[in-house]
Amino acid sequence: MPDVSESKHLPPDDDMTNMADMTEVYSSYKSALFSLAYRMLGSVSDAEDIVQEAFLNLNQVSLHSIHHVKSYLWKVTTNLSIDFLRSARKRREVYVGSWLPEPIIKGKGADPAEQVIANEELSIAFLHLLENLNPVERAVFLLREVYSYSYDEIAQLIGKSPDNSRKIQSRAKQKVGDLSPKAGGDRSKKEKTVRDFMEVVQSNNIEKLLSILSDDFTIYSDGGGKAKANLRPIFGIKRAVAFFKGVYSKIPSNLIVMEADVNGQPGMIMKADDQIFYVLAFQFDNDKLSALYNIVNPEKLKHLKKLK
DNA sequence: GGGTCAGTAGCTTTACTCAG
DNA sequence: CTGAGTAAAGCTACTGACCC
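All values reported here derive from a predicted model rather than from experimental measurement.

**Student:** So what about helix H7 (residues 151–158)? Which residues, and what values?
**Tutor:** H7 sits mainly inside the fold: six of its eight residues count as buried. Those residues of H7 lying buried are Tyr151, Glu153, Ile154, Ala155, Leu157 and Ile158. Phi turns positive, to about 70°, at Gly159, one or two residues after H7.

Have a look at this one:
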């Protein structure tokens, strides 16, 4: 039986059972566990809750009775995330409009665990794509594609056979297509495209807008029923241009448009009175934009208040 | 890694019963 | 007779095992 603790995705576990106390365990593993939970849930606050719960779980058993603290925490976090997603899925069935992940913005004041995500280029587009997978598929897909676990290790973590894990992964890949987990591509080109887009937004230059959007450009907006946002995705460049024309006339004059690092990718934020009202993330297709993810739901932006 | 197939769970539709 | 409630049947999607 393989031991998941031998995997290379967490800090070394040489003799964790002798760790002085929980504080040391917490500081060693918090970021990696948060990273996994955020990938699973697409929510900063829920990922934090899951990590807290995993450590609470650990607290309830003696540290010395666990052979490998690292694999124990990894397993608990995976399974807590699966359980959470199962119940969250029911809630999302009645979610108003499109559901998008909570964005993580690089900046002073952000939580160190969130900064890990920001540095991992975990794009909103990728997290949005993962929404097509059921909780178990999502866990298997991430463990395999992102963390390079073997099927034997995955089977141990999720309590299924290696054969079955491989099949789950195969089905998951079919569902999400061949989109790479990491966004990749030329960052400077992406930054330029976003700057061009910002200019268009501020100048209402429709001709330039057409030159930076791909034909299948799609706009997803998440207002969560708490902020004004289109309830259904807007497909196609023509509809998107019509949408932007409509929006342009309604942009408040005090709204400041700024470049931002959204989940490790070039993006935009719009703020007024030092408060972020819009976070815009993009999907890139070479030097064009193929999708815009507009996160307006105040619940999903409240963790950005501490940013400077 | 992926195709196939049997088993299973869950959802929808239909038929039936019973009270008002 | 009608409408509400419930059980049974049918269908569909998902899951897991086996095989190439």
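So that's the structure; there's more coming.
**Student:** Describe the protein's contact with DNA strand B, with residues and values.
**Tutor:** All residues in the neighbourhood of DNA strand B are listed as Arg144, Tyr151, Arg166, Lys167, Ser170, Arg171 and Gln174. Restricting attention to atoms of DNA strand B within 4 Å of the protein, one finds that 26% of them are sugar or phosphate atoms. In this structure, Arg166 approaches DNA strand B through a side-chain N or O atom, which is 2.7 Å from a base nitrogen. A distance of 2.7 Å separates a base nitrogen of DNA strand B from a polar atom in the side chain of Lys167. Here the residues of the surface near DNA strand B sort into one nonpolar, two polar and four charged.

**Student:** Describe the layout of surface pockets, and please don't skip the residues or the numbers.
**Tutor:** Gaps left between atoms are located by rolling a probe of water-molecule size over the structure's atoms. As a volume, the largest pocket reaches approximately 660 Å³. If you trace the largest pocket, you find 29 residues lining it, with Phe243, Val247, Ile251, Tyr278 and Asn294 closest to the centre. Put simply, the parts of the chain that give the lining of the largest pocket at least two residues each are helix H9 (187–203), helix H10 (206–212), helix H11 (237–248), strand E4 (265–272), strand E5 (275–285) and strand E6 (288–295). The element that contributes the greatest number of residues to the lining of the largest pocket is H11, accounting for six residues. Its residues assigned to classes, the lining of the largest pocket shows 20 nonpolar, six polar and three charged.

**Student:** If you had to explain the protein's contact with DNA strand C to someone new, which residues and values would you point to?
**Tutor:** In the neighbourhood of DNA strand C, the contacting residues comprise Asn134, Lys160, Ser161, Asp163, Asn164, Lys167, Ile168 and Arg171. Expressed as a percentage, the sugar and phosphate content of the atoms of DNA strand C within 4 Å of the protein is 48%. Measuring from a phosphate oxygen of DNA strand C, one finds a side-chain N or O atom of Asn134 at 3.2 Å. Between a phosphate oxygen of DNA strand C and a side-chain N or O atom of Ser161, the distance comes to 2.9 Å. Tallied by class, residues from the surface near DNA strand C come to one nonpolar, three polar and four charged.

**Student:** Please give an account of a negative patch on the surface that cites residues and values.
**Tutor:** Taken together, the side chains of Asp215, Asp216, Asp285 and Asp287 make up a negatively charged region of the molecular surface. Of note, Asp215 is situated in strand E1 (residues 213–222). In this structure Asp215 comes out as exposed when scored by relative accessible area, which is 65%.

**Student:** Hey, could you go over the confidence of the model for chain A for me, with residue numbers and the actual values?
**Tutor:** When the pLDDT values of chain A are averaged, the result is 81; 83% of them are 70 or greater. Every residue in residues 10–18 scores below 50 in pLDDT, and together they form 20 contacts with partners more than four places removed in sequence or on other chains.

**Student:** Tell me about unusual backbone geometry, and please be specific about residues and values.
**Tutor:** Here the phi dihedral of Ser148 falls at roughly 55°; this positive angle occurs in a residue that is not glycine. Structurally, Ser148 can be placed in the loop between helix H6 (135–146) and H7. One non-glycine residue, Asp274, adopts positive backbone phi at about 65°. Tracing the sequence through the fold places Asp274 in the loop between E4 and E5.

Reading the values: the criteria
- Residues numbered from 1 in each chain as written.
- Chains lettered and ligands numbered in written order.
- Predicted model: local features only at pLDDT ≥ 70, side-chain atom pairs only at ≥ 80, totals over all residues.
- Heavy atoms only, no water.
- Buried < 20%, exposed > 50% of the residue type's maximum accessible area, 1.4 Å probe, protein only.
- Helix = DSSP H or I, 4+ residues; strand = E, 2+ residues; numbered from the N terminus.
- Near = heavy atom within 4 Å.
- Polar contact = N/O pair within 3.5 Å; in protein donor to acceptor, adjacent residues only side chain to side chain.
- Nonpolar A, V, L, I, M, F, W, Y, C, P; charged D, E, K, R; others polar.
- 1 Å grid on protein atoms, 1.4 Å probe; cavity = no way out; pocket = protein on both sides within 12 Å on 5 of 7 lines; lining within 4 Å.
- Points joined across faces, edges and corners; volume = space filled by probe spheres on them.
- Patch = residues over 30% accessible without salt bridge, like charges linked within 9 Å, V, L, I, M, F, W, Y side chains within 5 Å.
- Areas by Shrake-Rupley, 256 points an atom, 1.4 Å probe, with all protein chains shown as cover.
- Salt bridge = Lys/Arg side-chain N within 4 Å of Asp/Glu carboxyl O.
- Lys, Arg positive; Asp, Glu negative; His and termini not counted.
- Charge placed at Lys NZ, Arg CZ, Asp CG, Glu CD.
- pLDDT = per-residue confidence, 0-100.
- Contact = heavy atoms within 4.5 Å.

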